[in-house]
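Here is how the chains run, residue by residue.
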Amino acid sequence: MFEFQNPAAFLLLLLIPLLYLLRYLKLFKPLSFSIVLADWGGKAFVWNGKIRRVVSVFATILIYAGFLFSVLAMSDPVITKQEKVYTSLGCDIVFVLDSSPSMAAKDMGEMTRLDSAKATIQKLALAHDGTRFGLVVLGSEASVYVPPTSDHSTFIKRVDEVSVGILGNGSAIGDGLSTAVCHLVSSGAQKRTIILLTDGENNAGQIHPETAATLAADNGITVYVVGIGSKGTVPLEYIDPATGKEYTGYLDSNFNSAALRRIAAIGNGRYYEVATLSEFEKTFEAVAKAEEVVQNYTYRTVTQSFYKTIIFWAMLLFAAGWFIKRIILREMLSFRYKKSLLIRSAFLGAAFVMLLLAHADIHWGTYLMPVQKNRAAVSFVYDISNSMLAKDCEGGLTRLDAVREYSKKLLSRMNGVSASVVLAKGDGISVIPLTDDYVMIESLLNVMSPSLMTVPGSSIGKGIIKARESFTDNYSNIGRIWVFTDGEETDNHLKSALSECIKAGISVSIIGFGSENESEVLAGDGKTTVKTALRSSRVQNAIEDAKKNLGFYKNQVEIQFFNYLDRGAAVKLLNQTHASENLFVSYEAKPVPRFKLFLLLGVLFFSLSFIFTEFDFGLVKKSGAVLTVILCFSLCLTLTGCSDSTADVIRGTFAFGQKQYSKAVSYFNSAKETAQENNKEQELDYILYDLGTAYSLLGEESAAMEKYLLIADSAPAAVKYGAYYNAGIIAHKNEDYENAIEYFKKALEVDSTKLEAKINLELSIQNVEVNVKNSTSQATPSTDETRDNRDMEKAVFERIKENDQKQWKNSETNSSQSLADDY
């Protein structure tokens with residue numbers, strides 16, 4: 001939706017007709033360039049007055065157009081759209097993608113089979129932002145590229161990285177399917193789905209595809225199979241990634257459709273064959289529709305601004321008009337108006353500088369943007385610098401081994417909370433996106449070492465910044481960052497990283513490992529010995545500095561440090577992961593753009609360029625009344641706001657009318673604090689009601705309920721009725737019918753004539769009666785779950801975990817760093 005966020009700025013356009021009105025009243029005298037002998041240089045004279053006049057008028061139009069564009073930029077035109085933010089899980093889909101050489105066959109139009117599969121997968125991911133996607137790639141072996149994650153940007157990026165032959169020349173379909181099952185089995189999603197994309201038969205690996213499909217069915221996972229490509233002779237061309245050798249020729253394509261159908265049947269899914277890109281897209285649409293589930297969600301407003309582009313054109317128009325007048329028409333050479341022209345040029349130059357500053361997008365100050373949250377999500381940041389190899393932890397463990405054991409115990413008690421993993425050394429790298437696939441995380445923990453990263457040094461701050469980026473916008477996650485480190489840092493980025501997390505409303509817990517007493521450890525060159533210890537004081541000082549600099553924030557989040565041996569430390573961490581069924585409000589600090597201020601100053605300088613060059617100061621007495629009106633008008637235009645709560649209420653009401661509920665909440669919160677400071681109780685009641693209504697329309701029902709219940713008993717009847725009635729609606733919507741009954745009764749006590757309250761009261765009473773009846777008649781069914789295949793499942797999953805660890809080990813570098821400061 002296109003709208004203007006500051007439409008009052010268009011009042012400044014009245015300055016143009018006001019200028020011509022003042023000229024008409026003879027209060028302003030426009031500069032006219034009549035011919036005088038003083039301007040004559042003794043040269044031959046040629047009359048070209050008509051052309052000059054047309055060019056001068058054109059230049060004036062350009063300048064006025066620049067003024068118009070400046071006002072347009074100040075009105076802040078934007079396009080706003082509502083994006084869904086999911087508060088519950090939907091469906092998890094893991095793609096098992098064949099990367100064997102036959103997938104390079106070019107029989108999908110102008111695309112290879114692999115490229116068409118990748119394009120269709122990415123298109124599906126972009127269209128279903130509430131679904132979590134994962135990727136398993138199969139060749140001679142199978143590997144997890146992405147665990148089921150809500151981080152679609154990471155998923156799409158890693159799909160792009162898949163190439164033909166990347167895992168060898170075979171097709172280990174059974175291994176690929178069982179790997180997907182292993183990484184889906186712990187998912188808390190409503191539906192779990194595997195989509196196998198292949199053009200061949202199972203000719204590698206140790207697990208039969210039908211065994212893997214049985215495992216999927218036993219765990220409630222649906223398997224769809226898509227056979228890719230046409231049958232017959234098709235052209236093939238690819239480069240082997242292992243050798244760099246190019247292969248070209250023809251492929252006799254004749255995959256076993258019957259075997260693929262059996263896999264789909266065992267997995268309680270369907271089999272599809274696709275020979276074109278359009279068939280591919282239709283197949284994915286059918287699967288997505290079949291696996292569609294109902295999810296809870298709310299909305300967030302996304303705004304696209306255009307003021308920088310408009311300011312650029314304003315500067316261009318101003319510069320063109322000034323160039324024509326002063327350079328081409330040489331108006332600066334007029335002896336009669338030389339002083340006036342210099343003054344006007346100075347003011348116009350100042351106005352142009354203000355436009356440059358506005359275009360520079362300068363920010364200072366912050367405002368708090370309310371954001372609703374309900375699901376905890378944790379990002380693990382592991383310091384894997386060489387100092388973490390010091391053996392000074394309890395039981396003779398290295399710091400890294402102690403981190404490994406501590407993390408596994410935390411994971412075993414996190415109850416499916418989504419987590420991501422960031423490795424920090426000389427830089428921060430996100431290695432596992434947000435997922436509840438703890439199998440993937442544990443496989444990394446088992447092989448975690450400094451050799452997984454080649455960047456020397458130790459930067460805890462960069463790891464924290466990368467962790468902050470791992471929290472996705474499409475889910476209402478409460479961000480928690482847990483940092484496991486010894487506090488050794490070589491670049492001093494910790495304080496700035498903590499400040500950024502405070503601004504974003506993300507809590508950070510730093511868990512220290514190691515002894516306070518120094519011990520020796522080898523640096524990255526394998527030769528130099530350096531002293532290392534747990535630097536608790538450095539970390540605590542960084543935390544205190546970050547809090548001190550940002551102490552004015554109302555959304556203070558937990559930034560804490562404790563030793564891993566501290567009693568109750570793990571409990572403090574796990575308490576942060578407790579899920580909430582209800583939404584609550586957190587705040588993110590947003591910088592305040594100041595382009596409007598600079599544009600306003602630009603308009604002021606532009607106006608002064610006419611006042612000081614055209615106004616007849618000899619008529620001050622005569623025009624005193626007119627000047628008073630003009631000054632009052634200018635004052636009203638330049639005053640952009642005040643600290644009084646009434647002004648904030650007006651702004652909030654205007655934002656509410658524009659359906660900018662987040663902005664309205666911000667204004668109403670500011671008004672509430674001002675009213676509380678000034679003890680304006682009745683005004684506070686109205687503000688609380690407005691605030692609750694705005695929260696309710698944002699879907700933040702728990703916050704809305706809190707505001708409604710804060711309204712005093714002495715509030716006006718209309719406010720009390722509205723608060724009780726809306727609270728009843730929220731309780732009824734959340735199926736809390738008993739409280740809904742109480743709220744509707746209180747609303748009717750305030751105003752017994754309201755029919756809608758009576759109707760909703762009766763509905764709530766009926767729902768309570770239905771619930772009681774259902775609870776007494778409901779029986780708990782008993783089921784006999786078969787466990788015949790559990791041993792096989794355990795053996796398969798153990799093999800998958802070993803393979804995952806092998807993949808992580810393959811990422812290690814064997815090249816020793818010749819850097820003595822790598823610790």
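Residues numbered from 1 in each chain as written. Predicted model: local features only at pLDDT ≥ 70, side-chain atom pairs only at ≥ 80, totals over all residues. Heavy atoms only, no water.

Residues Phe380, Tyr382, Met414 and Phe484 are the most contacted members of the largest nonpolar core, which totals 70 residues. If you tally residues by element for this core, the top one is helix H12 (residues 438–447), at 7 residues. Contacts of tyrosine 382, omitting those with residues within four sequence positions, involve Val403, Ser407, Val421, Val422, Leu423, Ala424, Leu445, Met448 and Phe484. In terms of nonpolar packing, the next biggest core, distinct from the first, is built from 37 residues, Tyr661, Val665, Tyr721 and Phe744 among them. (Core = buried A, V, L, I, M, F, W, Y, C linked by side-chain atoms within 4.5 Å. Buried < 20%, exposed > 50% of the residue type's maximum accessible area, 1.4 Å probe, protein only. Helix = DSSP H or I, 4+ residues; strand = E, 2+ residues; numbered from the N terminus. Contact = heavy atoms within 4.5 Å.)

A surface patch of like charges, here negative, comprises Asp736, Glu738, Glu742 and Glu749. Among the residues examined, glutamate 742 registers a relative accessible area of 41% and is labelled partly exposed. (Patch = residues over 30% accessible without salt bridge, like charges linked within 9 Å, V, L, I, M, F, W, Y side chains within 5 Å. Areas by Shrake-Rupley, 256 points an atom, 1.4 Å probe, with all protein chains shown as cover. Salt bridge = Lys/Arg side-chain N within 4 Å of Asp/Glu carboxyl O. Lys, Arg positive; Asp, Glu negative; His and termini not counted. Charge placed at Lys NZ, Arg CZ, Asp CG, Glu CD.)

A few words on the sheet that holds strand S20 (residues 559–563). Read across the sheet, 6 strands follow the order S15-S14-S13-S16-S17-S20 without closing on themselves; strand pairing throughout is mixed. Both outer strands of the open sheet, strand S15 (428–435) and S20, are each paired with one neighbouring strand and no more. Recorded for the sheet is a direction-independent mean angle of 15° between the axes of neighbouring strands. With 8 bridges joining them, strand S13 (residues 375–383) and strand S16 (residues 477–485) adopt parallel strand pairing. Within S16, the residue paired with serine 379 across the bridge is isoleucine 481. Its contacts with the sheet put helix H14 (residues 494–504) on S16, strand S17 (507–512) and S20, and the angle it makes with S17 is roughly 145°. (Pairing = 2+ DSSP bridges. Axes fitted to C-alpha atoms, helices over the stretch in contact; angles between N-to-C directions.)

A few words now on the confidence of the model for the chain. This prediction gives the chain a mean pLDDT of 82; 85% of its residues lie at or above 70. Here residues 35–40 is a poorly scored stretch, pLDDT under 50, and it has 8 contacts once near neighbours within four places are set aside; other chains count. Overall, residues 637–643 carries pLDDT values under 50, and its contacts beyond four positions in sequence, including any with other chains, amount to 11 contacts. (pLDDT = per-residue confidence, 0-100.)

Another point: the packing of aromatic side chains. Any pair of aromatic rings gets described here by the distance separating the centres and the angle formed by the planes. Using the criterion set out here, one finds 28 aromatic pairs in the structure. Between phenylalanine 4 and phenylalanine 10, the ring centres sit 5.1 Å apart and the planes meet at 85°, which makes this aromatic pair edge-to-face. Its relative accessible area of 27% is what places phenylalanine 4 among the partly exposed residues. Using a relative accessible area of 28% as the deciding quantity, one classes phenylalanine 10 as partly exposed. (Phe/Tyr/Trp six-rings, centres within 6.5 Å; stacked < 30°, edge-to-face > 60°.)

A few words on empty space enclosed by the protein. Tallying each qualifying case throughout the model produces 2 cavities of 30 Å³ or more. The computed volume of the largest cavity comes to approximately 80 Å³. Lining the largest cavity are Leu89, Arg132, Ser150, Arg375, Ser418, Leu434, Thr435, Tyr475 and Asn477. In this structure, the second largest cavity spans a volume of roughly 60 Å³. Lining the second largest cavity are Phe67, Ser70, Phe318, Ala351, Leu355, Leu599, Gly602, Val603 and Phe606. Put simply, the parts of the chain that give the lining of the second largest cavity at least two residues each are helix H2 (49–74), helix H10 (338–359) and helix H17 (595–614). The biggest single contributor to the lining of the second largest cavity is H17, with 4 residues. Its residues placed into classes, the lining of the second largest cavity shows 7 nonpolar, 2 polar and no charged. (1 Å grid on protein atoms, 1.4 Å probe; cavity = no way out; pocket = protein on both sides within 12 Å on 5 of 7 lines; lining within 4 Å. Points joined across faces, edges and corners; volume = space filled by probe spheres on them. Nonpolar A, V, L, I, M, F, W, Y, C, P; charged D, E, K, R; others polar.)

Attention shifts here to the pattern of salt bridges. Applying the stated criterion across every chain yields a total of 19 salt bridges. One salt bridge connects aspartate 545 with lysine 548, and the closest N-O pair in it is separated by 4.0 Å. Placement of both aspartate 545 and lysine 548 in helix H15 (residues 536–549) is noted, with a separation of 3 residues, approximately one turn of the helix. For aspartate 545, a relative accessible area of 30% translates into the label partly exposed. Of the residues examined, lysine 548 reaches a relative accessible area of 63% and is grouped as exposed. The network of salt bridges with common partners includes Glu488, Glu518, Arg535 and Arg538.

Tracing the chain through its elements places aspartate 392 in the loop between S13 and helix H11 (399–411). Among the polar contacts listed, one links the side chain of aspartate 392 to the side chain of arginine 399, at a separation of 2.8 Å. Of the polar contacts made by the side chain of aspartate 392, one reaches the backbone nitrogen of serine 515; its length is 3.1 Å. Ignoring sequence-local partners within four residues, the contact set of aspartate 392 consists of Leu397, Arg399, Gly514, Ser515 and Ser519. (Polar contact = N/O pair within 3.5 Å; in protein donor to acceptor, adjacent residues only side chain to side chain.)

Before going further, it helps to examine the sheet that holds strand S10 (residues 271–274). Taken together, the 6 strands give an open sheet; going across it, the order is S5-S4-S3-S6-S7-S10, and neighbouring strands pair in mixed fashion. Edge positions in the sheet fall to strand S5 (142–149) and S10, since each has one partner strand and no second. Along the sheet, successive strands turn relative to each other by an average axial angle of 15°, direction set aside. Where strand S4 (residues 132–138) and S5 come together, 5 bridges link them in antiparallel fashion.

What follows covers the environment of glutamate 291. Residue position: glutamate 291 is located in the loop between helix H8 (277–290) and strand S11 (297–305). Measuring from C-alpha to C-alpha, the distance between glutamate 291 and glycine 90 comes to 9.3 Å, with 201 residues separating the pair along the chain. Sequence-distant contacts of glutamate 291, defined by excluding residues within four places in its chain, comprise Cys91, Lys191, Thr193, Thr222 and Tyr224.

Let us now look at H8. Spanning 14 residues, H8 covers 20 Å between terminal C-alpha atoms, matching the ideal 20 Å at 1.5 Å per step. Every buried residue of H8 is listed here: Phe280, Thr283, Phe284, Val287 and Ala288. One side of H8 carries all its buried residues, which in axial view fall inside an arc of 135°. Exposed side chains of H8 directed beyond 90 degrees from the buried face belong to Lys282, Glu285 and Lys289. Close packing links the buried residues of H8 with strand S3 (91–98), helix H3 (113–127), strand S6 (191–198), strand S7 (222–228) and S10. (Expected span 1.5 Å × (residues − 1). Arc of directions from axis to C-beta.)

With that settled, the discussion passes to the pairing of strand S18 (residues 519–522). Here S18 shows a clear split, with Ser519 and Val521 buried on one side and none of Glu520 and Leu522 buried on the other. In this structure, S18 lies alongside strand S19 (residues 529–532), joined through 4 bridges in antiparallel fashion. By the bridge assignment for S19, leucine 522 is matched with threonine 529.

Time to look at the environment of leucine 688. Relative to the helices and strands, leucine 688 resides in helix H21 (residues 681–698). Spatially, the C-alpha atoms of leucine 688 and asparagine 669 are 8.6 Å apart, while their sequence positions differ by 19 residues. In this structure leucine 688 touches Lys672, Lys707, Leu710 and Ile711, once residues within four positions along its chain are discounted.

What follows concerns a nonpolar patch on the surface. On the surface, Trp322, Phe323, Ile327 and Ile328 cluster together into a nonpolar patch covering about 380 Å² of accessible area. Along the polypeptide, isoleucine 327 turns up in helix H9 (residues 307–328).

At asparagine 268, a position not held by glycine, the phi torsion is positive, near 60°. Note that asparagine 268 resides in the loop between helix H7 (257–266) and S10. Overall, asparagine 268 belongs to the exposed group, its relative accessible area being 56%.

Here the focus is the packing of helix H5 (residues 173–184) against helix H6 (residues 209–218). Packing of H5 against H6 leaves a shortest axis separation of 7 Å and a crossing angle of 15°. By the angle class used here, H5 and H6 are roughly parallel. Where H5 crosses over H6, the two elements pack in a sense that is left-handed. Counting all contacts with H5, which are made through Ile173, Gly174, Leu177, Ser178 and Val181, the residues of H6 involved are Pro209, Ala212, Leu215 and Ala216. Of the residues in the contact of H5 with H6, the class split is 7 nonpolar, 2 polar and no charged. (Parallel < 35°, antiparallel > 145°, perpendicular 65-115°, else oblique. Left-handed = near helix turned anticlockwise from the far one by under 90°.)

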